[in-house]
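# Per-entry structural report
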Number of protein chains: 2
Amino acid sequence: MKEQLRAKKVKEVLSNPRNQKEEVQALQDTIYVIGGKWKLPIINSLCNGNKRFRDIQRSIPGITTRMLSRELKEMEANQLLKRTVDPDSPVMVEYTVTSYCKSFGDIILEMIKWGKQHRKKIREVSKAANNNG
Amino acid sequence: MKEQLRAKKVKEVLSNPRNQKEEVQALQDTIYVIGGKWKLPIINSLCNGNKRFRDIQRSIPGITTRMLSRELKEMEANQLLKRTVDPDSPVMVEYTVTSYCKSFGDIILEMIKWGKQHRKKIREVSKAANNNG
DNA sequence: GTAACCAGTATAACGCAGTATACCAATATG
DNA sequence: CATATTGGTATACTGCGTTATACTGGTTAC
């Protein structure tokens, strides 16, 4: 007689082990920090050597000054980058990634790799679908 | 006389090397696939052994049935998981991650680690701010 | 027969990420 | 002088990711 039904209550107790919530929260924290449309592209741009506001903006097609400004502030607050001002007469502002930020350079590289593969894979799948249909 | 100004136009040309756009796009693809509030938590839940809709829902505090349903569909379309139906009389639906999805299990683990560290770090910073203020 | 579970769907509304556009003060170019 | 650049801010708007709440249709439990 369906012992799934007896197992049900066991599962109900076990389905949320103590550390699971903490992991989910950590995951969502990370997503929150680097999520959204622009943060990773910004980090990537900085890592590619862009330091000036307009240079960063030019290197990221489609981003508006408003978004770039907002994201840079937020990322500074999150210790992901540093803003330094050189007050010599054409005032210069430079943004640089912190070592803390570099700590997930690997994640970014992995994500770039993954994204390229994914694009290939999806293309193959839709090709196959066309051939079968 | 500020040769920064002469360097300006050079930068304007060099500021967007060919591969930069492609990398940004790959990055944004990846963010698109695993981004949003719920997708990574869902993957994490599946990887922790949850297979049934309600189990997954219970394991992710705050997610609604609507969101879970939508995300699962989208992720199935992106080949990240498989949905199998056992039509025996209490119909059973099982979700399992694909090997493709596992291909960024490492990224997820890294992100969990990073999120935990970040929480610590931000806590330390705000402590320090309180002491200095 | 009613209460609870499963796997979702339907409908409506909210809030904020992101967009569009204009503007500012300072400096440089011709 | 007009025009362009740099590093942004202000205001207004829109879309969509997310939430809230209710509901369905089938199965099992008491």
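Residues numbered from 1 in each chain as written. Chains lettered and ligands numbered in written order. Predicted model: local features only at pLDDT ≥ 70, side-chain atom pairs only at ≥ 80, totals over all residues. Heavy atoms only, no water.

### Some details on the protein's contact with DNA strand D
- Taken together, 21 residues surround DNA strand D, and among them A:Arg52, A:Arg54, A:Ser69, A:Arg83 and A:Tyr95 come closest.
- Taking the atoms of DNA strand D that fall within 4 Å of the protein, sugar and phosphate contribute 65% of them.
- Between A:Arg83 and DNA strand D, the recorded distance is 2.4 Å, taken from a side-chain N or O atom to a phosphate oxygen.
- In the model, a phosphate oxygen of DNA strand D is placed 3.2 Å from a nitrogen or oxygen of the B:Trp38 side chain.
- Put simply, the parts of the chain that give the surface near DNA strand D at least two residues each are helix 4 (53-59), helix 5 (65-77) and strand 2 (92-97) of chain A together with helix 5 (65-77) of chain B.
- Counting residues per element, the surface near DNA strand D draws most heavily on helix 5 of chain A, which supplies four residues.
- Taken together, the residues that form the surface near DNA strand D break down as seven nonpolar, four polar and ten charged. (Near = heavy atom within 4 Å. Polar contact = N/O pair within 3.5 Å; in protein donor to acceptor, adjacent residues only side chain to side chain. Helix = DSSP H or I, 4+ residues; strand = E, 2+ residues; numbered from the N terminus. Nonpolar A, V, L, I, M, F, W, Y, C, P; charged D, E, K, R; others polar.)

### Considerations on the relation of the copies chain A and chain B
- Expressed as a screw operation, the relation of chain A to chain B combines 0.0 Å of axial shift with a rotation of 180°, fitting to an RMSD of 0.1 Å. In short, the pair behaves as if placed about a two-fold rotation axis.
- Most of the interface of chain A is mirrored in chain B, where 95% of its interface residues again form contacts. (Least-squares fit on C-alpha atoms with pLDDT ≥ 70 in both. Contact = heavy atoms within 4.5 Å.)

### With respect to the protein's contact with DNA strand C
- The immediate surroundings of DNA strand C are formed by 20 residues, with A:Arg66, B:Arg54, B:Ser69, B:Arg83 and B:Tyr95 found nearest.
- The separation between a phosphate oxygen of DNA strand C and a polar side-chain atom of B:Ser69 is 2.6 Å.
- Taken together, the elements giving at least two residues each to the surface near DNA strand C come down to helix 5 of chain A together with helix 4 (53-59), helix 5 and strand 2 (92-97) of chain B.
- In terms of residue count, helix 5 of chain B provides more of the surface near DNA strand C than any other element does, four residues in total.
- Here the surface near DNA strand C is composed, by residue class, of six nonpolar, four polar and ten charged.

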